[in-house]
Amino acid sequence: MNNTTRFKLSAMMFLEFFIWGAWFVTLGTFLGNNLKATGAETGAVFSTQSWGAIIAPFIVGLIADRYFNAERILGVLHIIGAVLMYQMYNATDVSVFYPYVLGYMILFMPTLALVNSVSFNQMKDPEKEFSSIRIFGTIGWIAAGLLISYFFHWDSKEGTEAGLLKNTFLMAGIVSLALGLFSFTLPKTPPKVSSDEKITISDVLGLDALKLLKDRNFLIFFISSILICIPLAFYYQNANPFLSNIGMDNPTGKMTIGQASEVLFLLFIPVFFKRFGFKMTILVGMLAWAVRYALFAYGNAGELSFMLILGIALHGVCYDFFFVSGQIYTNSKAGERFKSSAQGLITLATYGVGMLIGFAVAGKISDAYKAVDGTMDWKMIWIIPAGIALVVFLLFALVFNDKTKSEVEAKTV
C-alpha cells in the first residue's frame, strides 16, 4: 500500500467515525432538552441504530457486493445522509425528527461495512495492516467529542439550555457531505459477486451459521450476547444526559476517555485471551458492565467524580473484552465455511436484536424513574442495568463450559 492510499483510507476512517461521534453521543441530551422527548420516545430514536443494523446487510449484500463499486455507494449514502442531517438540525419536534433519523441510520449503518471493504481491498495482509487504518476512526470519534466540549462548548450547561446541541447535526452534515464527495476519490473497489450469481436471504443475514447453535456452548454465548446488549443500550442512551444533568463539566469531551481506553485495552486482548482463555475474558467484560453502572449509580459530579471517570474509562474493558473476544471465539467456532456468516449473525443478534430490546427497556426505565417535576432518579436508572449485567455474568459463569484450545493452553502455562 503506497502512502497516498494509506492517507486516503486513514482520512476516510477518521471522517466516518467523526460523523457518528459528532451527534450520537449527545443525542439523548438533545432529545430531552431540545425536543422534550420522553424516555420511550428517546428509546425509539436510539433503536433506529438497531433497525439500521438489521437492514444494512441487505444494502451491502444485495446491492454493494453485486452491482456497484463500494466507494461510489459510500459517497452517495453520505451525500444523502448530509441532507437528512440538515433536516434533523431543523426539526423542532420528535415526531418530525424520527423519520429523518430512521432514514439516516438505515443509510449510515451500511457505510460501516463499506469503509471496511474499501480498506481490505487495498491490503495484502489485512490482519496486520487494518488496525493501523482503523485507529483513525477512533481518533475521529474522539476529535468530535473534544470539539463539542472544549471548542464549541455546545454541551455546557448554558449551551444545553440554549439548545446549541442542535448544531451537532449541522457539523455532522457538513462532514458527511465532505466524506461523500471525498469517497469518489478513494481507490476503486469493484463488486465482489457477479450480478448473475444468486444470493439468498440466508446468505445476507448469515443464517447459514444458525447450524452453530446446535453447539450448546455457542448457543449460550449467542443468547448471552443478546442479553448483555440490554444493559449496554443504557450507556449509549443515558450516559451523556446523566453526566449533563448532574452537572459534570464538558461531559462529551470526558466521554472520549472511553474511546481512548478502548484502544489501550485492545492491546491487552491477545495476552489476556491466551493466558486466561475465552470464558474468563468474556466474564471480565460482563462484570465490567455491572461495575461501571454501580460507579455511575453511587458517583457524583463533586467529591465522587472520580467514580464517574472510572466508569467511563471501563468502556475499553466492557467493549473489547466482550465484543472483540466474542468475535475471536465466533471465528474459531465457525471455521472457514461459516466465518463471514457467523460474524454477520452475531452482529445481527447484538447491534440488531439485543440493542433493539435494550433501547426499549432503557426508555421505559427512564420514564418510570422520572418525577413529575422532571427530576431523574439516576441511582435506580443505573442500578437496574447493573443488576441485569450481573445476572448475565452469573448465568454465563455457571452454564458455559467450553474448553477451547486457548483455555487448555492457559492451564499449562
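Whatever comes next refers back to the structure up there.
Here is what the cut-offs are and how they apply
Residues numbered from 1 in each chain as written. Predicted model: local features only at pLDDT ≥ 70, side-chain atom pairs only at ≥ 80, totals over all residues. Heavy atoms only, no water. Helix = DSSP H or I, 4+ residues; strand = E, 2+ residues; numbered from the N terminus. Buried < 20%, exposed > 50% of the residue type's maximum accessible area, 1.4 Å probe, protein only. Contact = heavy atoms within 4.5 Å. Patch = residues over 30% accessible without salt bridge, like charges linked within 9 Å, V, L, I, M, F, W, Y side chains within 5 Å. Areas by Shrake-Rupley, 256 points an atom, 1.4 Å probe, with all protein chains shown as cover. Salt bridge = Lys/Arg side-chain N within 4 Å of Asp/Glu carboxyl O. 1 Å grid on protein atoms, 1.4 Å probe; cavity = no way out; pocket = protein on both sides within 12 Å on 5 of 7 lines; lining within 4 Å. Points joined across faces, edges and corners; volume = space filled by probe spheres on them. Nonpolar A, V, L, I, M, F, W, Y, C, P; charged D, E, K, R; others polar. Domains from an automatic or database assignment. Axes fitted to C-alpha atoms, helices over the stretch in contact; angles between N-to-C directions. Parallel < 35°, antiparallel > 145°, perpendicular 65-115°, else oblique. Left-handed = near helix turned anticlockwise from the far one by under 90°. Phe/Tyr/Trp six-rings, centres within 6.5 Å; stacked < 30°, edge-to-face > 60°. Lys NZ or Arg CZ within 6 Å of the ring centre and 35° of its normal.

(A) Up close: the environment of Gln 237. Looking at the secondary structure, you find Gln 237 in helix α11 (residues 216–245). Gln 237 gets classed as buried once you look at its relative accessible area, which sits at 1%. Taking the C-alpha atoms as reference, Gln 237 lies 9.6 Å from Val 45; in sequence the two are 192 residues apart. Contact partners of Gln 237, with chain neighbours within four places excluded, come to Gly 28, Gly 39, Thr 42, Gly 43, Phe 46, Phe 359, Ala 362 and Gly 363.

(B) Expanded view of a nonpolar patch on the surface. Taken together, the side chains of Leu 287, Val 291, Leu 390 and Leu 394 present a nonpolar region at the surface, about 300 Å² in accessible area. Those elements that place two or more of their residues in the nonpolar patch are α13 (269–298) and α16 (378–399). Secondary-structure assignment places Leu 390 in helix α16. Accessibility expressed as a relative area gives 38% for Leu 390, which makes it partly exposed.

(C) Inspection of empty space enclosed by the protein at higher detail. Counted by the stated rule, this structure contains two cavities of 30 Å³ or more. As a volume, the largest cavity reaches approximately 120 Å³. Secondary structure elements with two or more residues in the lining of the largest cavity: α11 and α12 (251–266). The class makeup of the residues in the lining of the largest cavity is six nonpolar, two polar and no charged. Domain assignment of the residues forming the lining of the largest cavity places at least three in each of domain 1 (1–199) and domain 2 (204–412).

(D) Structural detail: the packing of helix α3 (residues 39–46) against helix α6 (residues 94–120). Their axes nearest at 10 Å, the elements α3 and α6 cross at an angle of 15°. Between α3 and α6, the angle is such that the two are roughly parallel. Seen from above, α3 lies across α6 with left-handed handedness. Every residue of α6 that contacts α3 at Glu 41, Ala 44 and Val 45 is listed here: Val 94, Phe 97, Tyr 98 and Val 101. Along the lines of polarity and charge, the residues of the contact of α3 with α6 split into six nonpolar, no polar and one charged.

(E) Geometry of the packing of helix α5 (residues 70–90) against α6. Running from amino to carboxyl end, α5 crosses α6 at an angle of 155°, the nearest separation of the two axes being 9 Å. With respect to α6, the axis of α5 lies roughly antiparallel. Remark: the crossing between α5 and α6 carries left-handed chirality. Only Phe 97, Tyr 100, Val 101, Gly 103, Tyr 104, Leu 107, Phe 108, Pro 110, Thr 111, Leu 114, Val 115 and Val 118 of α6 make contact with α5, whose side of the interface consists of Ala 70, Glu 71, Ile 73, Leu 74, Leu 77, His 78, Ile 80, Gly 81, Leu 84, Met 85, Gln 87 and Met 88. Looking at the contact of α5 with α6 residue by residue, the classes come out as 18 nonpolar, five polar and one charged.

(F) Representation of the pattern of salt bridges. Under the counting rule described, the total for this entry stands at one salt bridge. Salt-bridge contacts for Lys 333 lead to Asp 215; the nearest nitrogen and oxygen are separated by 3.0 Å. Linking Lys 333 in helix α15 (residues 315–368) with Asp 215 in the loop between α10 (201–205) and α11, this pair joins segments that are 118 residues apart in sequence.

(G) Just the packing of aromatic side chains, in detail. Under the counting rule described, the total for this entry stands at 46 aromatic pairs. Ring centres of Phe 218 and Tyr 329 lie 6.1 Å apart, and the angle between their planes is 20°; on these two criteria the pair is classed as stacked. Of this pair, Phe 218 sits in helix α11 while Tyr 329 sits in helix α15, placing them 111 residues apart in sequence. Of the two residues examined, Phe 218 and Tyr 329, each falls in the buried class. Sitting over the ring of Tyr 89, Lys 166 keeps its end group 4.5 Å from the ring centre.

(H) Looking closely at unusual backbone geometry. Non-glycine residue His 153 carries a positive phi angle of around 60°. Positionally, His 153 belongs in the loop between α7 (126–151) and α8 (157–161). Despite not being glycine, Asn 250 has its phi angle at roughly 50°, a positive value. With respect to the secondary-structure elements, Asn 250 resides in the loop between α11 and α12.

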